[in-house]
Every structure is written in structure tokens, then in C-alpha cells.
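Structural description and commentary
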Amino acid sequence: MKRVGTLALALIVCLLTTAAAFAAEKKVRWNLAMTWNSTLTPFVNAPTKVAQMVSDITGGNFVIKVEGAEKHKAPLEILDMVKGGQYEMGHSASYYWKGKDATTAIFTTVPFGMNADEQNAWLYYGGGMQLMQKCYDKFGVYAFPGGNTGVQMGGWFRKEIKSLDDLKGLKMRIPSVAGEVFAKLGVNVTNIAPGELYTSLDRGTIDALEWVGPGMDIKMGFHKIAPYYYAGWHEPATDLQFLINKQAFDSLPPEYQAALKTAIQAASADMHYDNFAMSSEAWASMTTEFPNIKVMRFPEPVLAAMKKATDEVLGEYAAKDPFFKEVLDSQKAFMKKARAWTKMSEQYYLEESEKVVK
């Protein structure tokens, strides 16, 4: 899968290089700020590949310098920095701006929502991109999908969760809508920057945390402290995000705009493939190298309470904000159609194949 993504990127570069040769040789130098430290793969691969493709396509005339959080020291302020022009671009996740506008959270993912295929289809062919841009117009930036992780795991816990009582008083890092859901269930929720997660768990500042999946989690070492690894419910299709300062983008030659938008879409798709491959390989090694990891599912009564609290949280926001309701209704309507096909294709295939493939 990773090879297919790489070949696709190479083909796009070849096709666009010819067209870009006729572009005005305007020298453009941009800076891109990431929420992530520069070593956090595969998240950092998407902006890095965008920078490389744009440079290749324009013959080195359009250069994007990518800076990690260790450089700018403001991992959760990317939107403000891009809006203000301190950086022309950013790479983060839309739900980090929930405190500014709750609707932004929906464009990352919502608990019990669409999977990655369904969400990408909604974004690109179901009106999602138009709604996302309508949301971000007020900030003076353009917003684009920045790579999807697929279903994220439910988190690492020091102790087993046997009932709702085990959640009460638990200190956990979990962001966005899922954080509000857990808060309703008695969890003491906090949002911590990625670079501080291991230290917080190790020192007992938190009792549990959710991050991504095996491909990224194993490198963080969470399993050494919290051995209970729960299946996902809260982030079924976590989309990262590219942000671009509108004034900076609008001042680009049309050829450079096309090159940048094409590179963003290609790199975003490639990050999804990359993350899937990493998690597949990591999980295979984790099962043999770390036998003490206990893979768990939340008990059904706990899941039912999570779903009920999710509906309440989303319903409260929708009641207060017509645009939030518009976006949420759009997702629900698309998911209803898409999920029927997901079941008939993916779910039925998996169920049937597992009967005969050993």
C-alpha cells in the first residue's frame, strides 16, 4: 500500500512538472508550522512531502520550510499563527480550535462517526470541503484535509475499565468532543501537547491517554506504563489539517496554487497509507515483543453511556449553533447512505472471508 502511494506521488510530480515549466519563475519562500515535533512520523511526512513536491514541480522556485513544534514552541497555536501571517501554512488538527468555534471539531472526526473512507468521500464528494471552508472563512485561512489516521485506539490505561465507576475521577488526556463525553462520565479531562504525553503519564499527572494507534503509540512507550490498550470509539476517522493564509495563497501565481493544492491532496492520501502500513507492522511486532499488553474492549454498558453522552454533547452544540447543526446533519445524512455500502462491502467481506481464510 505504501508503494502504491509513493508511485502515485511520483506520477503526479511528473505530470505537473511539464505544466509548471511554463509558469512565471517567481521566487516564493514560505514557512509552515506543525503542531508536531519534527520527528513524529507519519504526521510530519505529509507537510514534508508537500514541500518536496511543490519544490520539484516549480523547479525550486517555490520553497516551503517546515518547522516542528520544537522550533516555534506553540504546538496548539497554529491557527492563530497562520491567520496572523507569522507562518503562511500550518499542519495540525481541526479539533484543536474547538475553543474558538465548536464546529471545527467536526472536520477532524466525531465519536461513533464515519470511518476514513466514508469521511473522505463526504469531504471531497459530499459537500464537506465547502462546509469546512465556510467555517474557516472567518479566520482568513484556507483549510484542507491533511492526512487521515483511520480508526484510532481508545487509549492506554493503567487499570482495567470494568464499569462506569472505574471512569469516575480518572485523569485522562483526551481532546475535543470525546473529552466532553468523558467529562460527563466523571473523567478529569485534560489536553496535553503531544511532546509532553509520555512524561505526564510516567509522572502520574494523568492515569490514561489516547494517542493514535500501534504505528505511532509504540514509539512513545506508553505500553511500559499503562498496559491496558482499548479499542477505539472516539476518533473513527481522524483527519489532520493543512491551513493556508488566504492573502498569501491568493498572491501566488495560478500555477503555484494548482501545484500546492495537488501536492496537499496527494500527500494527505499518502499519509493515510503510510499510517496504515506502520500500524500493521507495529501491531505484528507488539504482539510478540510486548506480551504484557492487554488489548481490551470497553464493556457494553460503558459504550452505551459513551454513545448517550456523545448524542447529548453534539445535540447541545447543534441547539446553540445553526451552522454546527448544518455540518452535523450533513455528516449524518452522508453516513447513513455510506454505512449501508460499508457494511455490504467491507464488513460482509471480512465476515465471509474469515470463515474460510485461516
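So, a few notes on the structure that sits alongside this text. (Residues numbered from 1 in each chain as written. Predicted model: local features only at pLDDT ≥ 70, side-chain atom pairs only at ≥ 80, totals over all residues. Heavy atoms only, no water.)

Brief notes about the packing of aromatic side chains
Enumeration according to the criterion identifies 17 aromatic pairs in this entry. With a centroid separation of 6.5 Å and 55 degrees between ring planes, the pair formed by Trp36 and Tyr96 is classed as tilted. Here Tyr96 lies in the loop between strand S3 (89–93) and helix H5 (116–125) and Trp36 lies in the loop between strand S1 (28–34) and helix H2 (45–57), a separation of 60 residues in the sequence. Judged by relative accessible area, which is 1%, Trp36 ranks as buried. Both rings, one in Phe62 and one in Tyr256, keep their centres 5.6 Å apart while their planes meet at 20 degrees; by these two values the pair is stacked. Here Tyr256 lies in helix H11 (residues 254–289) and Phe62 lies in strand S2 (residues 62–67), a separation of 194 residues in the sequence. We classify Tyr256 as buried; its relative accessible area is 2%. Directly above the aromatic system of Tyr228 lies the positively charged group of Lys294, at a separation of 5.5 Å from the ring centroid. (Phe/Tyr/Trp six-rings, centres within 6.5 Å; stacked < 30°, edge-to-face > 60°. Helix = DSSP H or I, 4+ residues; strand = E, 2+ residues; numbered from the N terminus. Buried < 20%, exposed > 50% of the residue type's maximum accessible area, 1.4 Å probe, protein only. Lys NZ or Arg CZ within 6 Å of the ring centre and 35° of its normal.)

Brief notes about the pattern of salt bridges
Evaluation of the coordinates by the stated rule reveals 15 salt bridges. The closest approach of N and O atoms between Lys49 and Asp270, which form a salt bridge, is 2.3 Å. Here Lys49 is found in helix H2, whereas its partner Asp270 is found in helix H11, with 221 residues between them in sequence. On the accessibility criterion, Lys49 (26% relative accessible area) is partly exposed. Since its relative accessible area comes to 2%, Asp270 is described here as buried. Between Lys65 and Glu67 there is a salt bridge whose closest N-O contact spans 3.8 Å. Look at Lys65 and you get partly exposed, because its relative accessible area is 46%. The exposure class of Glu67 is buried, given its relative accessible area of 9%. (Salt bridge = Lys/Arg side-chain N within 4 Å of Asp/Glu carboxyl O.)

With respect to helix H6 (residues 128–136)
In terms of burial, H6 is a largely internal element, 7 of the 9 residues being buried. Every buried residue belonging to H6 is among Gly128, Met129, Leu131, Met132, Gln133, Cys135 and Tyr136, and all of these are buried. Contacts made by the buried residues of H6 are with helix H4 (78–83), H5, strand S4 (141–148), strand S10 (239–245), helix H10 (246–250) and helix H13 (322–356). (Contact = heavy atoms within 4.5 Å.)

Examining helix H7 (residues 176–184)
Considered for burial, the residues of H7 that qualify are Ser176, Val177, Ala178, Gly179, Val181 and Phe182. Structurally, H7 contributes buried residues whose contacts are with strand S6 (171–173), strand S7 (188–190) and helix H12 (300–320). Residue Gly186 follows H7 closely and has a positive phi angle near 95 degrees.

Examining the nonpolar core
Counting 111 residues, the largest nonpolar core has Trp30, Ile64, Tyr136, Trp211 and Leu260 as its most contacted members. Take this core: its biggest share by element is 9 residues, from H11. The contacts of Trp211, once residues within four sequence positions are left out, are Leu40, Phe43, Gln152, Arg173, Pro194, Leu197, Met216, Asp217, Met220 and Phe222. (Core = buried A, V, L, I, M, F, W, Y, C linked by side-chain atoms within 4.5 Å.)

Comments concerning the sheet that holds strand S8 (residues 208–209)
The strand order S7-S6-S8-S5-S9-S11 describes an open sheet built from 6 strands, whose pairing is mixed. What marks the edges here is a single partner per strand, and that holds for S7 and strand S11 (294–296). Pairing between strand S5 (residues 155–157) and strand S9 (residues 228–230): 3 bridges, direction antiparallel. Note on S9: the bridge partner recorded for Phe157 is Tyr228. (Pairing = 2+ DSSP bridges.)

What about the packing of H2 against H11?
Relative orientation and spacing of two packed helices are given, respectively, by the angle between their axes and the distance between those axes. H11 packs onto H2 with a crossing angle of 140 degrees between their chain directions and a minimal axis gap of 8 Å. With respect to the hand of their crossing, H2 and H11 are arranged in right-handed fashion. Across the interface between the two elements, Asn45, Ala46, Lys49, Val50, Met53, Val54 and Ile57 of H2 pack against Ala259, Leu260, Ala263, Ile264, Ala266, Ala267, Asp270, Met271 and Asp274 of H11. Per-class residue counts for the contact of H2 with H11 are 12 nonpolar, 1 polar and 3 charged. (Axes fitted to C-alpha atoms, helices over the stretch in contact; angles between N-to-C directions. Left-handed = near helix turned anticlockwise from the far one by under 90°. Nonpolar A, V, L, I, M, F, W, Y, C, P; charged D, E, K, R; others polar.)

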